[in-house]
Amino acid sequence: MLIGLGYAPVTANVSNNIGLVPGAVAGSVGYRRELRGQERRVRSLAGFSAAGAVAGAVALLILPASTFKVVVPVLIAAAIVLVALQPRLTARLEHRHRAGAEDRLTLRASIFATGIYGGYFGAAQGILLISLLSLALREDLQRANALKNVLAMLVNLVAGIVFAVAANVNWGVAGLIAAGSVLGGYLGARYGRRLPPDALRALIVVVGLAAIARLTII
């Protein structure tokens, strides 16, 4: 939307990234019930998210501003496919889970890669995260969503610090996004957990398709 309104791509990206931090905090607090029992998992993944965020933020600052318009729609489309097919993929991968064991190496590499994406282009990183987490973990979609909120918050926060120091941030835009994201985080936590998994999955797909449409039109 910011690009469509005429903001430069890098300015739009960094302002959006910083503005989303308070909303991610609100969403994480709202989903604290679903986070219970996942403290160890958060600690094990946080460093990979943070490292990826730094790499992505630096990439955004040094690569041509037009690069993401080619790459991002493909990444969002891949995430949508993962979300839509998650029940079938999980069923096929079930035999790989042994008594709740997780493929930690693959999960950590995926979280690092998603952190790079989130630091580079924060929009829709939640779709990528929730698709990967729902496939990799023996958790229901709501608990995966709670973990996604925390990791996305960390990525946005770390990348936001880099941008605040080294990039041209439109603080008015960032403030408006922050206000909307806090409200969205509160409402999402209040009503999102009431959605059945299929409805939540369908909503994620619709949001992702809308993002692709907007990116390919502008």
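Since this is a predicted model, take the numbers as computed values, not measurements.

Q: Sorry if this is basic, but what is going on with the overall build of the protein chain here?
A: Scanning the protein chain for helices and strands turns up 9 helices and 0 strands. Written out in order from the N terminus, the α and β elements of the protein chain read α-α-α-α-α-α-α-α-α. Scaling as 2.2 N^0.38, a compact globule of 218 residues should have a C-alpha radius of gyration of about 17 Å, and the protein chain matches this with 16 Å. When its C-alpha atoms are laid out on the principal axes, the protein chain stretches across 50 × 30 × 30 Å. A sequence separation of at least 24 residues applies to 86% of the contacts in the protein chain between residues at least 6 apart. Split by element, the accessible area of the protein chain, about 10,900 Å² in all, is 67% carbon and sulfur. Averaging the locations of the 21 positively and 8 negatively charged side chains of the protein chain gives two centres separated by 5 Å.

Q: What am I meant to see in the side chain of Thr 114 here?
A: By secondary structure assignment, the location of Thr 114 is in helix H5 (residues 104-120). When its relative accessible area of 5% is taken as the criterion, Thr 114 is described as buried. Excluding its chain neighbours within four sequence positions, the residues that come into contact with Thr 114 are Gln 125, Leu 128, Leu 129 and Leu 132.

Q: Hey, could you run me through the nonpolar core in this one?
A: Note on soluble globular proteins: their nonpolar side chains tend to be buried together. Counting 30 residues, the largest nonpolar core has Ile 76, Tyr 117 and Phe 163 as its most contacted members. Of all the elements in the fold, those that place two or more residues in this core are helix H1 (9-30), helix H3 (39-62), helix H4 (67-93), H5, helix H6 (125-136), helix H7 (141-166) and helix H9 (197-217). Once residues lying within four places of it in the same chain are set aside, the contact partners of Tyr 117 are Val 72, Leu 75, Ile 76, Gly 122, Ala 123, Ala 124, Gln 125 and Leu 128.

Q: Teacher, can you tell me more about the environment of Gly 118 here?
A: Here Gly 118 shows up in helix H5. Using a relative accessible area of 0% as the deciding quantity, one classes Gly 118 as buried. Separated by 11 residues in sequence, Gly 118 and Leu 129 have C-alpha atoms that sit 9.5 Å apart. Discounting chain neighbours no more than four positions away, the residues touching Gly 118 are Asn 17, Gln 125 and Val 155.

Q: How do you make sense of the packing of aromatic side chains when you look at a structure like this?
A: Aromatic rings considered in pairs are described by the distance between their centres and by the relative angle of their planes. A full pass over the atoms with the stated rule returns 1 aromatic pair. Residues Tyr 117 and Phe 121 carry aromatic rings whose centres are separated by 6.3 Å and whose planes lie at 75° to one another, so their mutual orientation is edge-to-face. Taking the relative accessible area as the measure of exposure, Tyr 117 reaches 5% and is therefore buried. The class for Phe 121 is buried, based on a relative accessible area of 8%.

Q: Where do I start with a nonpolar patch on the surface in this structure?
A: A cluster of nonpolar side chains, contributed by Val 54, Val 58, Leu 61, Ile 62 and Leu 63, occupies part of the molecular surface with about 400 Å² of accessible area. Structurally, Leu 63 is set in the loop between H3 and H4. Leu 63 sits in the partly exposed class, given a relative accessible area of 40%.

Q: Help me out: how do you make sense of the side chain of Asn 149 in this one?
A: Inspection of the secondary structure puts Asn 149 in helix H7. Here Asn 149 falls in the buried class, since its relative accessible area comes to 11%. Residues contacting Asn 149, with those up to four places away along its chain left out, are Ala 24, Gly 27, Ser 28 and Tyr 31.

Q: Mind showing me how you'd approach the pattern of salt bridges here?
A: Opposite charge on two side chains permits them to pair, given that their charged atoms come into close proximity. What the rule picks out here adds up to 1 salt bridge. Glu 34 serves as the salt-bridge partner of Arg 33, at 3.5 Å between the closest nitrogen and oxygen. Judged by its relative accessible area of 46%, Arg 33 falls in the partly exposed class. Among the residues examined, Glu 34 registers a relative accessible area of 9% and is labelled buried.

Calculation notes
Residues numbered from 1 in each chain as written. Predicted model: local features only at pLDDT ≥ 70, side-chain atom pairs only at ≥ 80, totals over all residues. Heavy atoms only, no water. Helix = DSSP H or I, 4+ residues; strand = E, 2+ residues; numbered from the N terminus. Rg over C-alpha atoms; globule rule 2.2 N^0.38 Å. Contact = heavy atoms within 4.5 Å. Areas by Shrake-Rupley, 256 points an atom, 1.4 Å probe, with all protein chains shown as cover. Lys, Arg positive; Asp, Glu negative; His and termini not counted. Charge placed at Lys NZ, Arg CZ, Asp CG, Glu CD. Buried < 20%, exposed > 50% of the residue type's maximum accessible area, 1.4 Å probe, protein only. Core = buried A, V, L, I, M, F, W, Y, C linked by side-chain atoms within 4.5 Å. Phe/Tyr/Trp six-rings, centres within 6.5 Å; stacked < 30°, edge-to-face > 60°. Patch = residues over 30% accessible without salt bridge, like charges linked within 9 Å, V, L, I, M, F, W, Y side chains within 5 Å. Salt bridge = Lys/Arg side-chain N within 4 Å of Asp/Glu carboxyl O.

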